[in-house]
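# Chain and residue survey
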Amino acid sequence: MLTAKQNLQETIKGGNPERFVNQNEFLEFVYEVPMTSYCPGPGTEIVDEWGILWRWPEGQLGPFPVHDAENKVIKDITEWKKYVKVPDHYKNPDAWTDAKEHAKQIDQNEKYVTIMFFPGIFEMTHSLMGMEDALMGLYEEPEAMHELIDCYTNYLLDYAKVLVAEIEPTAIYQHDDLGSQISSFMSPDVFKEFFLPSYKKIFSFYKENGVELILHHSDSYAANLVPSMIEMGVDIWQGVMTTNNIPALIKEYGGKITFMGGIHSGEVDFPEWNEAIIKEHVDRICQECGKLYFIPNLTQGADVSSFPGVYEAVTAEIDRISKEMF
Amino acid sequence: MSKVEAVKALVEAGKSKKVADAVQEALKAGDKAQDILDAMVASMGVVGDKFSSGEIFVPEMLIAAKAMSKGVEVLKPVMAGDSSSSLGTCIMGTVAGDLHDIGKNLVVMMLESAGFDMVDLGVDVPAERFVEAAKENDNVVLIACSGLLTTTMPALKEAVQTIKAAMPEMKVIVGGAPVTQEYANEIGADGYAPDAGSSAAKAKEIIGA
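Computed from a predicted structure; not experimentally measured.

Reading the values: rules and limits
Throughout, residues of each chain are indexed from 1 in the direction in which the sequence is written. Starting at A for chains and at 1 for ligands, labels are handed out in the order in which the entities are written. With the structure being a predicted model, the display of local features is reserved for residues of pLDDT at least 70 and the display and counting of side-chain atom pairs for 80 or more, all residues being used for whole-chain, interface and lining totals. Numbering of helices and strands runs from the N terminus, with a helix taken as a DSSP run of H or I at least four residues long and a strand as a DSSP run of E at least two residues long. Atoms considered for the radius of gyration are the C-alpha atoms alone. The globule rule reads 2.2 Å times the number of residues to the power 0.38. Exposure is read from a count of other C-beta atoms within 10 Å of each residue's own; the residue is exposed at 12 or fewer, buried at 20 or more and partly exposed in between. C-beta atoms are placed from the backbone. By the convention adopted here, residues are in contact when the distance between their C-beta atoms, placed from the backbone, does not exceed 7 Å. Whether two strands pair comes down to DSSP finding at least two bridges between them. Here is how to tell: hold the view so the strands point away, follow the path from the first strand over the helix to the second, and if it runs clockwise the crossover is right-handed. When we speak of the arc, we mean the arc of directions from the helix axis to the C-beta atoms. For every residue, the predictor reports its confidence as pLDDT, a number between 0 and 100. In this description, a line fitted to the C-alpha atoms serves as the axis of each element, helices being fitted only across the stretch in contact, and the angle between N-to-C directions of two axes falls anywhere from 0 to 180 degrees. Note on definitions: a nonpolar core is a set of buried residues drawn from Ala, Val, Leu, Ile, Met, Phe, Trp, Tyr and Cys, linked by C-beta atoms within 7 Å. Domain delimitation in this document rests on an assignment produced automatically or drawn from a domain database. Left-handed describes a crossing in which the near helix is turned anticlockwise from the far one by less than a right angle; the clockwise case is right-handed. Under this grouping Gly is polar, as are all residues other than the nonpolar Ala, Val, Leu, Ile, Met, Phe, Trp, Tyr, Cys and Pro and the charged Asp, Glu, Lys and Arg.

### Considering the overall build of chain A
A tally of regular secondary structure across chain A gives 13 helices and 10 strands. Over its C-alpha trace chain A gives a radius of gyration of 19 Å, about what one expects of a compact globule, namely 20 Å for 326 residues. Dimensions along the principal axes, computed over C-alpha positions, put chain A at roughly 60 × 40 × 40 Å. Relative to its 326 residues, chain A shows a buried fraction of 48%.

### Comments concerning the overall build of chain B
In terms of regular secondary structure, chain B is built from nine helices and five strands. Reading the helices (α) and strands (β) of chain B from amino to carboxyl end gives α-α-α-α-β-α-β-α-β-α-β-α-β-α. The C-alpha atoms of chain B give a radius of gyration of 17 Å, which matches the 17 Å a tight globule of 209 residues would have. Taken over the C-alpha atoms alone, chain B extends approximately 55 × 35 × 25 Å along its principal axes. Expressed as a percentage of its 209 residues, the buried residues of chain B come to 54%. Looking at chain B alone, contacts between residues at least 24 apart form 74% of all its contacts between residues at least 6 apart.

### Focus: the pairing of strand β4 (residues 171-175) of chain B
All names here are of chain B. Along β4, five of the five residues are buried, which leaves the element largely enclosed by surrounding structure. On β4, burial covers both faces: Lys 171, Ile 173 and Gly 175 on one face and Val 172 and Val 174 on the other are all buried. Of the strand pairs in this sheet, strand β3 (residues 140-146) and β4 are connected by five bridges, and their pairing is parallel. Bridging across to β4, Cys 145 finds its partner in Val 174. As for the winding sense of the linkage, the β-α-β connection from β3 through helix α7 (residues 153-166) to β4 is right-handed. As judged from the two bridges shared by β4 and strand β5 (residues 191-192), these two strands associate in the parallel manner. Note that in β5 the partner of Ile 173 across the bridge is Gly 191.

### Quick look at unusual backbone geometry
Residues and elements named next belong to chain A. The linkage connecting Phe 118 with the following residue, Pro 119, adopts the cis geometry, with an omega of -5°. Examined against the element boundaries, Pro 119 turns out to sit in the loop between β5 (112-117) and α4 (121-129). Within the chain, Gln 23 stands out as a residue other than glycine whose phi angle is a positive 50°.

### Details of helix α1 (residues 3-13) of chain B
Residues and elements named next belong to chain B. Among the residues making up α1, those that are buried are Lys 3, Val 4, Val 7, Lys 8, Leu 10, Val 11 and Glu 12. Residues of α1 that are buried in the fold lie against α2 (16-28), α3 (33-52) and α4 (58-78). Where α1 ends, the next residue or the one after it, Gly 14, has phi of about 70°, a positive value.

### Some words on the interface of chain B and chain A
Chain B puts 18 residues into the contact, and the matching count from chain A is 23 residues. Going through the elements one at a time, α4 and α5 (102-114) of chain B are the ones with two or more residues in the side of chain B that touches chain A. When residues of the side of chain B that touches chain A are assigned to their parent elements, the largest contribution, five residues, is made by α4 of chain B.

### Examining helix α6 (residues 127-136) of chain B
Residues and elements named next belong to chain B. Those residues of α6 not exposed but buried are Ala 127, Phe 130, Val 131 and Ala 134. All buried residues of α6 lie within an arc of 95° about the axis, which places them on one face of the element. Looking at the buried side of α6, the elements it contacts are β1 (88-94), β3 and α7.

### Section: the environment of Glu 166 of chain A
Residues and elements named next belong to chain A. Of note, Glu 166 is situated in helix α6 (residues 142-167). Its 18 C-beta neighbours within 10 Å are what place Glu 166 among the partly exposed residues. For Glu 166 and Ile 318, which are 152 residues apart along the polypeptide, the C-alpha to C-alpha distance reads 35 Å. Apart from the residues within four sequence positions on either side, Glu 166 is in contact with Trp 96 and Lys 100.

### Focus: the confidence of the model for chain B
Across chain B, the average pLDDT comes to 91, with 98% of residues at 70 or higher. The ipTM, which scores confidence in the relative placement of chains, is 0.88 for this predicted complex, and the corresponding pTM is 0.89.

### Brief notes about the sheet that holds β5 of chain B
Residue and element names in this part refer to chain B. Spatial ordering of the open sheet is given by β2-β1-β3-β4-β5, a layout of five strands whose pairing is parallel. Sheet topology places β2 (116-120) and β5 at the edges, where each strand pairs with a single neighbour. Packed onto the sheet, helix α9 (residues 196-207) meets β1, β2, β3, β4 and β5 and runs at close to 160° relative to β4.

### What about the nonpolar core?
Residue and element names in this part refer to chain B. Membership of the largest hydrophobic core comes to 164 residues, with the highest contact counts inside it found for Val 7, Met 61, Met 110, Phe 130, Cys 145, Leu 156 and Val 174. Sort the elements by how many residues they give to this core and α4 lands first, with 11 residues. In this structure, this core is formed jointly by two domains, domain 1 (3-80) and domain 2 (86-207), each of which donates at least three residues. Among all residues touching Met 110, those that are not within four sequence positions of it are Met 44, Gly 48, Ala 65, Ala 196, Ser 199 and Ala 200.

### Focus: the packing of α2 of chain B against α4 of chain B
Residues and elements named next belong to chain B. Relative to each other, α2 and α4 sit at 35°, their axes nearing to 8 Å. Remark: the crossing between α2 and α4 carries right-handed chirality. On α4, the residues touching Ser 16, Val 19, Ala 20, Val 23, Gln 24 and Leu 27 of α2 are Ile 63, Lys 66, Ala 67, Lys 70, Gly 71, Glu 73, Val 74, Leu 75 and Val 78. Taken together, the residues that form the contact of α2 with α4 break down as nine nonpolar, three polar and three charged.

### Some remarks on the pairing of strand β8 (residues 236-240) of chain A
Residue and element names in this part refer to chain A. Along β8, five of the five residues are buried, which leaves the element largely enclosed by surrounding structure. As defined by bridge partners, strand β7 (residues 213-217) adjoins β8 across three bridges and the pair is classed as parallel. Paired with His 216 across the strands is Trp 237, a residue of β8. Running through helix α9 (residues 226-232), the crossover from β7 to the neighbouring parallel element β8 is right-handed. In the sheet, β8 pairs with strand β9 (residues 258-263) via four bridges, with the strands oriented parallel. Residue Ile 236 lies in a different strand from β9, and its bridge partner there is Thr 258. As a crossover connection, the stretch from β8 through helix α10 (residues 246-253) into β9 is right-handed.

The following block contains the structure:
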């Protein structure tokens, strides 16, 4: 029987997988690495190392950056240097102790030592100044936006050097939501100009330093950005929604990139969920997408669901359909 | 190219730093303020259509709306007292339990560009607040409710039903990623727009403008 890792390799290389890759079974997330601070749960708020105020109101599924006039970090993109202070919290060796211990215990025959990295480059621009300012800045103040993106890219590269030295990760799971459910936030040309070069640089560094697998999370429409993802060095696009026409993407790009997702969290992960709903979604997407270049998974990402039991129920349904289809 | 056409082209291209001067030039050349405004509204219609068809993306729509607002600033003093260009007031908000504001903000811009006076209630708006705002403001002709999450669909339903119970004649438009025409019909909304680009045309249709 193939290990989870071997089965993944067969799937993404067009070989002979024994079963569907079941969600994140081939990844072990080392969550202990010193990322920027994150709200621990509903009803909390924090100011992270970049000065961004995050608030997670009760009853919500996650935290949001606060962008009223008082709390926006960058109040004027042309003066971003005045507002942005690059953190160096990750340079403290003590901050890596727990992560190193965790990484050592991972059975690398079964799983990749995986770091989930957020925010992504686009996400950082709008976390610092709000979505409207960030998107308009790409057109109205492109020079300043390039400078800001370069600044964050350099931070990510500096972080990557420490990460590689401390943990030796074998997979990077980069979070960067690039669209709504029906369109990308920006055109492919704008993405190519502003974001592709930075990601290419960062992912190349990782690949040259022991990372075997790059996953990019964007639970959105982003079919028009797939050529850029491939050029960036992304092996797996996680979060792909059905609005992207996944079977068509597999037909066009299978072999160059693998699509992970297809089980829309919004449609199965809600308080009144039940097994029948999940079965319907799992059956449909697995039958439509087939056995290669596709990994069935909740689009939300990571190895969690918003409501208890959903992630596990999806896993069970994928196990069932694997037995039927393989 | 006429001065008005130049304004129109600048709005469509989102050249917010140039529009104010272009509007001034058009006024100096003798073009009527109403004609200039109509041209800008038409531009935003084109922008909305291009967004709906996937030809342009959110940033292009944002800069076009910003450019239009710069042009309107120049026209406002000239048109002071002339209410004929207003389609009435629209109250808008994202429903209770939902903090997403990008789609809502885009719709606010598009409706404002189309000629509505917008009252933006922000996000996480309780159903009753829509009704209160409709009573507090003059000439409210439309209430727009946005919901992005599957989990907040019940709040969207509650908002529409609360508004209709308190103000049966009030027109209500809904939108957001999980919303469909069928769902809009089911909860008693008067209209639904699948995206921000088509929201202005649908809003005008609902109020009979």
